[in-house]
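Architecture and fold: a report
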Amino acid sequence: MRLTVQTDYALRVLMHVALHDGDRPTIGQIAAAYGISRNHVMKVVHQLGLAGFLETRRGQGGGIRLARPAREIIVGDVVRSTEPDLALVACLEPGNGSCAITPACVLRGALQRATEAFLGELDRVSLADLVANGAALRALLATDGQGTTD
């Protein structure tokens, strides 16, 4: 299983915002800290806002903040909201009955259980857990101020 870049960036954005709680980081600051496209960050922030993970404010004094405490943001929920398709194989897609052996297939059940176990493990981790080593993460994400304006 491989998560999409969208999910990777979503988790990074949430971590950055959690690390800078109260500061209201901007899209430009987040993009600069990770060295990723501002446009990608903008799309991810928009999606996370629609999903209820972030609140955004435009203009002077604007920026991004968590919509709820980091301990209440569950990584499994973020992955479910950002991944368009968690089916490991086509037969796990809802309504896909294209495989001739589906009624007797043991592999299908094993893959379904593996996906559930993967998400179950992520359900045990909160955003607060991801940023528990905040000082080390902040040091790694420090920027020289380049690209921090929106």
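Everything below is about the structure printed above this text.
This section reports on the structure supplied with the text. (Residues numbered from 1 in each chain as written. Predicted model: local features only at pLDDT ≥ 70, side-chain atom pairs only at ≥ 80, totals over all residues. Heavy atoms only, no water.)

What follows deals with the packing of helix α1 (residues 5-19) against helix α3 (residues 38-50). Across the interface, α1 lies against α3 with an axial gap of 9 Å and an inter-helix angle of 75°. Between α1 and α3, the angle falls in the class roughly perpendicular. Facing α1, whose interface residues are Q6, Y9, A10, V13 and L14, α3 presents H40, V41, V44, V45, Q47 and L48. Here the residues of the contact of α1 with α3 sort into eight nonpolar, three polar and no charged. (Axes fitted to C-alpha atoms, helices over the stretch in contact; angles between N-to-C directions. Helix = DSSP H or I, 4+ residues; strand = E, 2+ residues; numbered from the N terminus. Parallel < 35°, antiparallel > 145°, perpendicular 65-115°, else oblique. Contact = heavy atoms within 4.5 Å. Nonpolar A, V, L, I, M, F, W, Y, C, P; charged D, E, K, R; others polar.)

Attention now moves to the packing of α1 against helix α4 (residues 75-82). For the pair α1 and α4, interaxial distance at closest approach is 9 Å and the crossing angle is 140°. With respect to their mutual orientation, α1 and α4 come out oblique. By crossing handedness, the relation of α1 to α4 is classed as right-handed. Only V75, V78, V79 and T82 of α4 make contact with α1, whose side of the interface consists of Q6, T7, A10, L11 and L14. Taken together, the residues of the contact of α1 with α4 break down into six nonpolar, three polar and no charged. (Left-handed = near helix turned anticlockwise from the far one by under 90°.)

Between the first and last C-alpha of helix α5 (residues 106-122) there are 25 Å, a value that for 17 residues agrees with the 24 Å anticipated at 1.5 Å per step. L111, T115, L119 and L122 are the residues of α5 that are buried. Down the axis of α5, the buried side of the element spans an arc of 70°, and every buried residue falls inside it. The exposed set on the far side of α5, more than 90 degrees from its buried face, consists of V106, R113, E116 and A117. (Expected span 1.5 Å × (residues − 1). Buried < 20%, exposed > 50% of the residue type's maximum accessible area, 1.4 Å probe, protein only. Arc of directions from axis to C-beta.)

This part covers the side chain of E83. Note on placement: E83 falls in the loop between α4 and α5. Of the buried charged residues, E83 lacks a salt bridge, with R2 as the closest side chain of opposite charge at 9.1 Å. Within polar-contact distance, the side chain of E83 engages the side chain of T7 at 2.5 Å. Ignoring anything within four residues of it in the chain, the contact list for E83 reads R2, L3, T4 and T7. (Lys, Arg positive; Asp, Glu negative; His and termini not counted. Salt bridge = Lys/Arg side-chain N within 4 Å of Asp/Glu carboxyl O. Polar contact = N/O pair within 3.5 Å; in protein donor to acceptor, adjacent residues only side chain to side chain.)

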